[in-house]
Amino acid sequence: MHITNEIRYAGVNDFQIDLFEGQYAVPNGMAYHSYVILDEKIAVMDSVEARFGAEWLGNVEAALEGRKPDYLVVQHMEPDHSANILTFMNAYPGAAIVATQKAFAMMKQFFGTDFADRRIVAAEGSKLSLGAHELTFITAPMVHWPEVMLTYDSKDKVLFSADAFGKFGAMGTEENWVDEARRYYIGIVGKYGAQVQALLKKAANLDIQIICPLHGEILTENLGYYLDKYQTWSSYAVEEEGVTIACASIYGNTMKAAHLLADKLRQSGCQNVKVFDLARCDMAEAVAQAFRCSKLVLAASSYNADVFPFMRTFIHHLTARNFQNRKVAIMENGTWAPSAAKTMLKMLEEAKNLTYAQNTVSIRSALSAESEAALDALVKELAE
């Protein structure tokens, strides 16, 4: 694939993987991107996951068209992008490696060497000339590792964006970019909104025509749409008006109440309502949906004087990613000593800028006329 006349794609698709980072379901696989910039000197941008070393080196060799690379640029040291660095350096002993100082320290940890005799340390604003192509390096610490940098090619106006603007899914799969990019961003980068905001400010000063991430689609059109999504996600702003109902139910009575709440909300005019069974759903999708919508209902059974564990896990995922700026409502169930509401509220104390619904629904075993009346009051409040 030609990205531009001189930039070639050399990445690989992974259809063997079931869980990315050991936790995110990827039914459409993953792509690990690498690029080759052909000029008077040649730069290869990043490597790929360990199992695909031979395939990747074959792709690089094809892109080189009989030439030898001068540089391997390493933007990110996470193993899905760095695992074949040593393989590459052994295959091309004349190449130098370009990375941040922190990246070289990580190479020492991963490979037992920091390539001291073949390295070029990149820093904020430093440049590397390939001839017509001049690369400028942009540090992006904690987006989402501390050694990360991005690379801007001023000739073709390409931003090599490391893990920023990435998504789940292999190249060429039919899926909605925003849904898989949101799930990827919230799950992997979501904690680091301030750092992404700082990166977006740097990117605003660049004339960017193409974004080449390390995962997902290569972005060539309507870049303002993607930048706007990152602005929304990284500022923890509400993406859409709607209600996410996250439910952790033991025997089904709490789930029945959650679905009744959803039905009543739709009847009241709230069409963007989704219910997630936290024991069975894709947890990452439920978390992403909570960040997407303006309102969140937590519905859970009490359990061991605490809360049913799936809800505890869900709330942990929210607070670990700086969940904020939303309205939250509480529904609990308990047969003799309801404890879920107190536990959930305690877990949310570290979250910023949350507004709580005035109406809390407390169910004793199963919905009664009294608890359904409380549910109706909550519907009225959420539908306003």
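Everything that follows concerns the structure shown earlier in this document.
Everything in this summary refers to the structure shown in the same document. (Residues numbered from 1 in each chain as written. Predicted model: local features only at pLDDT ≥ 70, side-chain atom pairs only at ≥ 80, totals over all residues. Heavy atoms only, no water.)

Quick notes on the overall build of the protein chain
Formally: Only DSSP runs of H or I covering at least 4 residues are called helices, and only runs of E covering at least 2 are called strands; the numbering of each starts at the N terminus. Residue burial is assigned from relative accessible area. The probe radius is 1.4 Å, only protein chains are included, and a residue is buried under 20% of its type maximum, exposed over 50%, and partly exposed in between. A contact between two residues is defined here by any heavy atoms of the two lying within 4.5 Å. All accessible areas in this document rest on Shrake-Rupley with a 1.4 Å probe, and a residue is counted as covered only by the protein chains that are shown. In this count, Lys and Arg are taken as positive residues and Asp and Glu as negative ones, while His and the chain termini are left out. Each charge is placed at NZ for Lys, CZ for Arg, CG for Asp and CD for Glu.
Tallying secondary structure elements over the protein chain gives twelve helices and 22 strands in all. When the backbone C-alpha atoms are referred to their principal axes, the protein chain occupies close to 80 × 40 × 35 Å. Every one of the 384 residues in the protein chain was classed for burial, and the buried ones make up 56%. For the protein chain, restricting intrachain contacts to residue pairs at least 6 apart in sequence, the fraction spanning at least 24 positions comes to 70%. Roughly 16000 Å² of accessible area belongs to the protein chain as shown, and the carbon and sulfur atoms make up 49% of that amount. Averaging the positions of the 35 positive and the 46 negative side-chain charges in the protein chain gives two centres separated by 5 Å.

Re the state of the cysteines
The condition that has to hold: For the purposes of this analysis, a disulfide is any pair of cysteine sulfur atoms at a distance within 2.5 Å.
For the structure shown, the criterion picks out zero disulfides. Cysteine Cys-293 is unpaired, with the sulfur of Cys-270 as its nearest cysteine sulfur at 11 Å.

Concerning unusual backbone geometry
Note that the residue after Val-143, namely His-144, is joined by a cis bond; omega there is 5 degrees. Of note in the backbone geometry, Asp-46 takes a positive phi value of approximately 70 degrees without being a glycine. Looking at the element boundaries, Asp-46 is found in the loop between β7 (43–45) and α1 (53–64). At Asn-322, a residue that is not glycine, the phi angle is positive and equals roughly 65 degrees. One can find Asn-322 in the loop between α10 (309–320) and β20 (327–333). By relative accessible area, Asn-322 is classed as partly exposed at 31%.

Here we look at the sheet that holds strand β8 (residues 71–73)
To keep it simple, the criterion reads: Pairs of strands are assigned from DSSP output, requiring at least two bridges between the strands. Axes here refer to lines fitted to C-alpha atoms; in helices the fit is confined to the stretch in contact. Angles between the N-to-C directions go from 0 to 180 degrees.
The six strands lie next to each other as β1-β6-β7-β8-β9-β10, forming an open sheet whose pairing is mixed. Of all strands in the sheet, those bounded by a partner on one side alone are β1 (7–9) and β10 (119–122). Between one strand and the next, the sheet's axes are offset by a mean angle of 20 degrees, whatever the strand orientation. Contacts from α1 reach β1, β6 (35–37) and β7 within the one sheet, and its direction differs from that of β6 by about 25 degrees. Packing of helix α4 (residues 101–111) onto the sheet brings it into contact with β9 (96–100) and β10, and relative to β9 it is tilted by some 115 degrees.

Re the pairing of β20
Counted only if it meets this: Looking down the strands as they point away from you, a crossover is right-handed if its path from the first strand over the helix to the second goes clockwise.
The element β20 is extensively covered by neighbouring structure, given that six of its seven residues are classed as buried. As defined by bridge partners, strand β18 (residues 293–303) adjoins β20 across seven bridges and the pair is classed as parallel. Its bridge partner being in β20, Ser-301 is matched across the sheet by Asn-333. Summarising the sheet, β20 and strand β21 (residues 355–356) pair through two bridges and their orientation is parallel. Within β21, the residue paired with Val-328 across the bridge is Tyr-356. Where the polypeptide runs from β20 across helix α11 (residues 340–347) and back to β21, its parallel neighbour, the crossover connection is right-handed. Relative to strand β22 (residues 361–363), β20 runs parallel, the two being bridged by three bridges. For Asn-333, the partnering residue across the bridge sits in β22 and is Ile-363.

Focus: α1
Put simply, the test is: To estimate the expected span of a helix, count its residues, drop one, and scale the result by 1.5 Å. The arc under discussion is defined with respect to the helix axis, by the directions toward the C-beta atoms.
A rise of 1.5 Å per residue sets the reference length of α1, with its twelve residues, at 16 Å; its end C-alpha atoms lie 16 Å apart and thus fit the reference within 8%. Turning to α1, its buried residues are Gly-53, Trp-56, Leu-57, Val-60, Ala-63 and Leu-64. All buried residues of α1 fall inside an arc of 120 degrees around its axis, so they share one side. Facing away from the buried side of α1, by more than 90 degrees, are the exposed residues Ala-54, Glu-61 and Ala-62. Two residues or fewer after α1 comes Glu-65, characterised by a positive phi angle close to 55 degrees.

Brief notes about the pattern of salt bridges
If the charged atoms of two oppositely charged side chains come close together, the side chains can form a pair. Counted only if it meets this: Within this document, salt bridges are pairs made up of a side-chain nitrogen of Lys or Arg and a carboxyl oxygen of Asp or Glu, the two lying within 4 Å of each other.
As enumerated under the stated definition, the model contains 22 salt bridges in all. Ionic pairing is found between Lys-155 and Glu-6, a salt bridge with its closest N-O pair at 3.2 Å. Of this pair, Lys-155 sits in the loop between β13 (149–153) and β14 (158–160) while Glu-6 is found in the segment before β1, placing the two residues 149 residues apart along the sequence. By relative accessible area, Lys-155 is classed as partly exposed at 37%. The class for Glu-6 is partly exposed, based on a relative accessible area of 23%. A salt bridge links Asp-282 to Arg-183, with the nearest nitrogen and oxygen atoms 3.0 Å apart. Of this pair, Asp-282 sits in the loop between β17 (273–277) and α9 (283–292) while Arg-183 sits in helix α5 (residues 177–189), and the two are 99 residues apart along the sequence. Look at Arg-183 and you get buried, because its relative accessible area is 5%.

Read these as layout, nothing more, since geometry by itself doesn't imply function.
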